[in-house]
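Take a look at the letters that make up each chain.
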Amino acid sequence: QVQLVESGGGSVQAGDSLRLSCVASGHTFSTYPMGWFRQAPGKEREFVTGISWSGGNTGYADSVKGRFTISRDNAKNTVWLQMNSLKPEDSAVYYCAAKRYGSTWYRTYKEYDFWGQGTQVTVSS
């Protein structure tokens with residue numbers, strides 16, 4: 001089992017930046033592809049970004065491409081989501097997710113095996 005704990009959410013103004021962190025328990029973090037998803041009220045959970053176990057491959061939703069950056073440090077069991085130029089439509093609960101196996105990054109939430117509890121991001125105009 002892997003436990004994921006997100007932090008770093010908050011309330012900001014449009015154009016501001018936030019950095020979310022996700023710390024994983026367990027010694028197998030370095031083998032897990034990781035992802036960030038978000039869910040706004042009344043909407044389905046949507047893919048934001050994913051990263052391969054090595055960090056060498058990343059993918060982004062079109063809506064965040066060029067503004068958000070995912071990274072990881074396997075020695076620290078941590079994955080980050082750097083969010084720049086935030087927009088009100090980025091407001092949501094952001095979830096960190098881990099997938100047991102895989103050689104690349106993954107965009108479908110059903111592919112992930114472990115989830116954090118989420119952290120709220122609110123962007124006001």
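Since the structure is predicted, the reported quantities are computational estimates derived from the model, not experimental observations.

Chemist: Please set out the sheet that holds strand 8 (residues 78-83) residue by residue, giving values where relevant.
Modeler: If you walk across this open sheet you meet the four strands as 1-3-8-7, and the pairing is antiparallel. Only two strands of the sheet have a single neighbouring strand rather than two, namely strand 1 (4-7) and strand 7 (68-73). Direction aside, neighbouring strands of the sheet carry axes that sit 15 degrees apart on average. Bridge count for strand 1 against strand 3 (residues 18-24) is four bridges, and the pairing is antiparallel. Residue pairing in the sheet places Glu-6 in a bridge with Cys-22 of strand 3.

Chemist: Please set out the nonpolar core residue by residue, giving values where relevant.
Modeler: Counting 35 residues, the largest nonpolar core has Leu-4, Met-34, Trp-36, Val-79, Met-83 and Tyr-94 as its most contacted members. Where this core is concerned, the elements lending two or more residues are strand 3, strand 4 (34-39), strand 5 (46-51), strand 7, strand 8, strand 9 (92-98) and strand 11 (119-124). For this core, the element with the most residues is strand 9, which contributes five residues.

Chemist: Give a description of the side chain of Arg-72 that names residues and reports values.
Modeler: Within the secondary structure, Arg-72 is located in strand 7. In terms of polar contacts, Arg-72 uses its side chain to reach the backbone carbonyl oxygen of Phe-29, at 2.9 Å. Not counting residues up to four positions away in its chain, the partners in contact with Arg-72 are Phe-29, Ser-30, Tyr-32, Pro-33, Met-34, Ile-51, Ser-52, Trp-53, Gly-55, Thr-78, Val-79 and Trp-80.

Chemist: Before we move on, could you go through the state of the cysteines and cite the residues and values that matter?
Modeler: Tallied over the entire structure, the rule returns one disulfide. Disulfide pairing is shown between Cys-22 and Cys-96; the S-S distance is 2.0 Å. Across the S-S bond of Cys-22 and Cys-96 the torsion is about -75 degrees, and the bridge reads as left-handed. Here Cys-96 lies in strand 9 and Cys-22 lies in strand 3, a separation of 74 residues in the sequence.

Chemist: So what's going on with the pattern of salt bridges? Residues and values would help.
Modeler: Tallied over the full model, the rule gives five salt bridges. One salt bridge connects Lys-65 with Asp-62, and the closest N-O pair in it is separated by 3.2 Å.

Chemist: Tell me about the pairing of strand 3, and name the residues and values.
Modeler: Within strand 3, five of the seven residues are buried, which leaves it mostly tucked inside the rest of the structure. With six bridges connecting them, strand 3 and strand 8 associate as antiparallel partners. Directly across from Arg-19, in strand 8, lies its bridge partner Gln-82.

Chemist: Describe unusual backbone geometry, naming the residues involved and giving the relevant values.
Modeler: Residues other than glycine seldom take positive phi values, yet Asn-77 does so here, at roughly 55 degrees. For Asn-77, the position within the fold is in the loop between strand 7 and strand 8.

Definitions and cut-offs
- Residues numbered from 1 in each chain as written.
- Predicted model: local features only at pLDDT ≥ 70, side-chain atom pairs only at ≥ 80, totals over all residues.
- Heavy atoms only, no water.
- Pairing = 2+ DSSP bridges.
- Helix = DSSP H or I, 4+ residues; strand = E, 2+ residues; numbered from the N terminus.
- Axes fitted to C-alpha atoms, helices over the stretch in contact; angles between N-to-C directions.
- Core = buried A, V, L, I, M, F, W, Y, C linked by side-chain atoms within 4.5 Å.
- Buried < 20%, exposed > 50% of the residue type's maximum accessible area, 1.4 Å probe, protein only.
- Polar contact = N/O pair within 3.5 Å; in protein donor to acceptor, adjacent residues only side chain to side chain.
- Contact = heavy atoms within 4.5 Å.
- Disulfide = S-S within 2.5 Å.
- Salt bridge = Lys/Arg side-chain N within 4 Å of Asp/Glu carboxyl O.

Honestly, it's all geometry; don't read function into it.
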